[in-house]
Each structure stands twice: as C-alpha cells, then as structure tokens.
Amino acid sequence: MDTELLAVGKRIGLSLMEINELRVADLFDIAKAYTGNQDEEAKEADQADIDAFYR
C-alpha cells in the first residue's frame, strides 16, 4: 500500500516531502480533486453507450 500511495502522490506532481506531510485521507482527497473523479454511482450502460464505444 505504501508504494501505491507514493506513486499516486508522484503522479499528481507532489514531492516526497509533500507526500510525507499528508495523511492518507488527504492524499486521496487531493487525487480525487486532481483527476476530477467524484464519488458517483456507476451508470448502467445503455445501447447508445455501447454504440459510441464501438465506433
């Protein structure tokens, strides 16, 4: 788990010193904000989604 957290922090541009200062929850919050991922419910794919995927 530790190496994955380091990889996440480095991928979003944090230094090792900055990563060391953060709590795990803070690092996850920053990563979510950086990637734009929010806690959303998964949507069931409909036919239009499938057609768009295969084009």
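Use the structure listed above.
What counts as what
Residue numbering note: each chain is counted from 1, following its sequence as written. Reporting in this predicted model follows two pLDDT cut-offs: at least 70 for local features of residues, and 80 or more for side-chain atom pairs to be given and counted; totals over whole chains, interfaces and linings ignore these cut-offs and use all residues. The basis for every side-chain value is the complete set of heavy atoms in the structure, and neither hydrogens nor water enter the calculation. A run of H or I in DSSP counts as a helix once it spans at least four residues, and a run of E counts as a strand once it spans at least two, with each numbered from the N terminus. Each residue is placed in one exposure class: buried if its accessible area under a 1.4 Å probe, protein chains only, is under 20% of its type's maximum, exposed if it is over 50%, and partly exposed if it falls in between. Calculation of accessible area relied on Shrake-Rupley with a 1.4 Å probe; when residues are assessed, cover is drawn exclusively from the protein chains displayed. Within this scheme the basic residues Lys and Arg register as positive and the acidic residues Asp and Glu register as negative, but His and the chain ends are omitted. For this purpose, a charge sits on NZ of Lys, CZ of Arg, CG of Asp or CD of Glu. Only Phe, Tyr and Trp rings are paired, with Trp represented by its six-membered ring, and only when their centres lie within 6.5 Å; those with planes under 30 degrees apart are stacked, over 60 edge-to-face, the remainder tilted. Put simply, a salt bridge is a Lys or Arg side-chain nitrogen that is within 4 Å of an Asp or Glu carboxyl oxygen. A fitted line through C-alpha atoms serves as each axis, taken over the contacting stretch for helices, and the angle formed by two N-to-C directions is quoted from 0 to 180°. Angle categories are assigned with fixed cut-offs, so that under 35 degrees is roughly parallel, over 145 is roughly antiparallel, 65 to 115 is roughly perpendicular, and the rest are oblique. Should the near helix be turned counterclockwise from the far one by less than a right angle, the crossing is left-handed, whereas a clockwise turn marks it as right-handed. Note on contacts: a residue pair is in contact if any heavy atoms of the two residues lie within 4.5 Å. Classes in brief: Ala, Val, Leu, Ile, Met, Phe, Trp, Tyr, Cys and Pro nonpolar; Asp, Glu, Lys and Arg charged; the others, Gly included, polar.

## So, the overall build of the protein
Alright, step 1. If you tally the helices and strands in the protein, you get four helices and zero strands.
Alright, step 2. Listed by position from the N terminus, the elements making up the protein come as α-α-α-α.
Alright, step 3. Across its three principal directions, the C-alpha atoms of the protein cover 45 × 20 × 20 Å.
Alright, step 4. For the protein, with 55 residues in total, the buried portion stands at 13%.
Alright, step 5. Summed over its atoms, the accessible surface of the protein is roughly 5,000 Å², and 54% of this surface lies on carbon and sulfur atoms.
Alright, step 6. Between the centroid of the 6 positive side chains of the protein and the centroid of its 13 negative side chains there is a distance of 5 Å.

## Side note on the packing of aromatic side chains
Alright, step 1. Across all of its chains, the model carries one aromatic pair by this definition.
Alright, step 2. Relative to Y54, the ring of F53 has its centre 4.9 Å away and its plane inclined at 85°; by these criteria the two rings are edge-to-face.

## With respect to the pattern of salt bridges
Alright, step 1. Per the counting criterion, the structure on display carries one salt bridge.
Alright, step 2. With a shortest N-O distance of 3.0 Å, D26 and R23 are connected by a salt bridge.
Alright, step 3. For R23, a relative accessible area of 56% translates into the label exposed.

## A closer look at the packing of helix α1 (residues 2–11) against helix α3 (residues 24–35)
For any two helices packed against each other, one specifies the inter-axial angle together with the distance between the axes.
Alright, step 1. Relative orientation of the contacting elements α1 and α3 amounts to 40°, with a least axis distance of 10 Å. The orientation of α1 with respect to α3, classified from their angle, is oblique. As for the relative orientation of α1 and α3, their crossing is left-handed in sense. In contact with L5, V8, G9 and R11 of α1, α3 contributes V24, L27, F28, A31 and Y34.
Alright, step 2. The residue makeup of the contact of α1 with α3, split by class, is seven nonpolar, one polar and one charged.

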